[in-house]
Amino acid sequence: AVVSTQSGYYGRGLMRAKSKWLAGNVPEARSILNDAFGANSNSEEIWIAAITLESKNNEHERARKLLQKARETAGTARVWMKSARLEWCLGNLTGALQTIQYGLGKFPEFPKFYLMKGQIELQQGHKEKAHNTYDLGIKRCPSCIPLWVSLATLEIIDDNITKARSILEKARVRNPLNDELWVHAVRLEVKAGNDNPAQALLARALQTCPKSGILWSECIFMAPRPARKTKSVDGLKNCDNDANIVLAVARLFWLERKMKKAKEWFIKAVKLDPDLGDTWATYYKFTAAHGTEDELKILVNKCVQADPHHGEYWCKTCKCIDNWRIDGNTELMLKLCAKSLPELR
């Protein structure tokens, strides 16, 4: 009970600090976090909040000093990751890689280190090093899906479809019920022009993961247009509580120019899972094209309140290192994510 009470106290303190920061009162936010430090200097959440406050306000040296103290005091994998990410964001790639290497020495099974290291090595033009990093990552963290996908993607870039297929097959052996891996495997066959194997693989995927919204969404838009309505009905029967399938139906109505129904299904989707950023971004794109300025403002405000964190395109937008300066600015992320969405097909 004491732990729960303390956790609630710190949580409220962090929320108050964030509220002050967003209102432009950085000194007051700092003061609240300093009080929280006095109560618990080992709290990872408080350290991360303080570091975020400084980095978002371009106080990078303050952030660096806090990170150094955090590594000495809390010393968690997340703190080491944040340290490396700050150096990466500031263009200090050598420093970022050194920090990751230190972090790996302490936390060799922390998957984000391998993901970051591989991305930085790719940024430096060292594709083979990145390949080795991801390869080591899947050995130490075989349940980390993004590592498998990153390794397969490297092979796809080099047109090594057979190798990429093999990697995704191994990934599914280790993680047989992961629908994301099935989606990537199906898309690989589509990319290679293997339409019949892609359909066969999709059928197997739906047998394995019959309640996957992302797989049913893929199924709908892989089908010929006359068959899409039937596929959407099948998808809704299997997983009507998955926002991904509801989003797919909204997109389908949009494609058919049934704007009123599309809007109704977009609203259903954001209510069903407000944390799914892809829904907000697609709804924003729809409203920007077919709604009013007032409707767009209301949508943006609701998205900011929801503060989404998931979704294929949303995560790509948020994690893109080029967007680090607007990390935490939900409105700008929403607009960027909407621009990154593929065209309806």
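A.B. asks: I would appreciate a short explanation of the nonpolar core in the present structure.
C.D. replies: A general tendency of soluble globular proteins is for nonpolar side chains to be buried together. Core analysis: the biggest nonpolar cluster contains 88 residues, and Leu147, Leu215, Phe266 and Leu334 have the highest contact counts within it. Apart from residues no more than four positions distant in its own chain, Phe266 is found in contact with Leu247, Ala250, Arg251, Trp254, Thr279, Thr282, Tyr283 and Phe286. Residues Ile48, Leu53, Leu66 and Leu67 belong to the second largest nonpolar core, which totals 16 residues.

A.B. asks: What am I meant to see in the environment of Glu180 here?
C.D. replies: With respect to the helices and strands, Glu180 occurs in helix H11 (residues 179-191). Once the C-alpha coordinates of Glu180 and Met259 are considered, the two residues, 79 residues apart in sequence, prove to be 30 Å apart. When near neighbours in sequence (up to four residues on either side) are disregarded, Glu180 contacts Ile145 and Ile214.

A.B. asks: What exactly am I supposed to notice about H11 here?
C.D. replies: Since the α-helix packs 3.6 residues into each turn, any two residues three or four apart lie on the same face. Spanning 13 residues, H11 covers 18 Å between terminal C-alpha atoms, matching the ideal 18 Å at 1.5 Å per step. For H11, the elements touching its buried residues are helix H9 (145-157), helix H10 (161-174), helix H12 (195-208) and helix H13 (213-222). Two or three places before Glu180, at the start of H11, stands the capping residue Asn178, its side-chain oxygen 3.1 Å from that residue's backbone nitrogen. Of the residues trailing H11, Gly193 is marked for its positive phi of about 80°.

Calculation rules
Residues numbered from 1 in each chain as written. Predicted model: local features only at pLDDT ≥ 70, side-chain atom pairs only at ≥ 80, totals over all residues. Heavy atoms only, no water. Core = buried A, V, L, I, M, F, W, Y, C linked by side-chain atoms within 4.5 Å. Buried < 20%, exposed > 50% of the residue type's maximum accessible area, 1.4 Å probe, protein only. Contact = heavy atoms within 4.5 Å. Helix = DSSP H or I, 4+ residues; strand = E, 2+ residues; numbered from the N terminus. Expected span 1.5 Å × (residues − 1). Polar contact = N/O pair within 3.5 Å; in protein donor to acceptor, adjacent residues only side chain to side chain.

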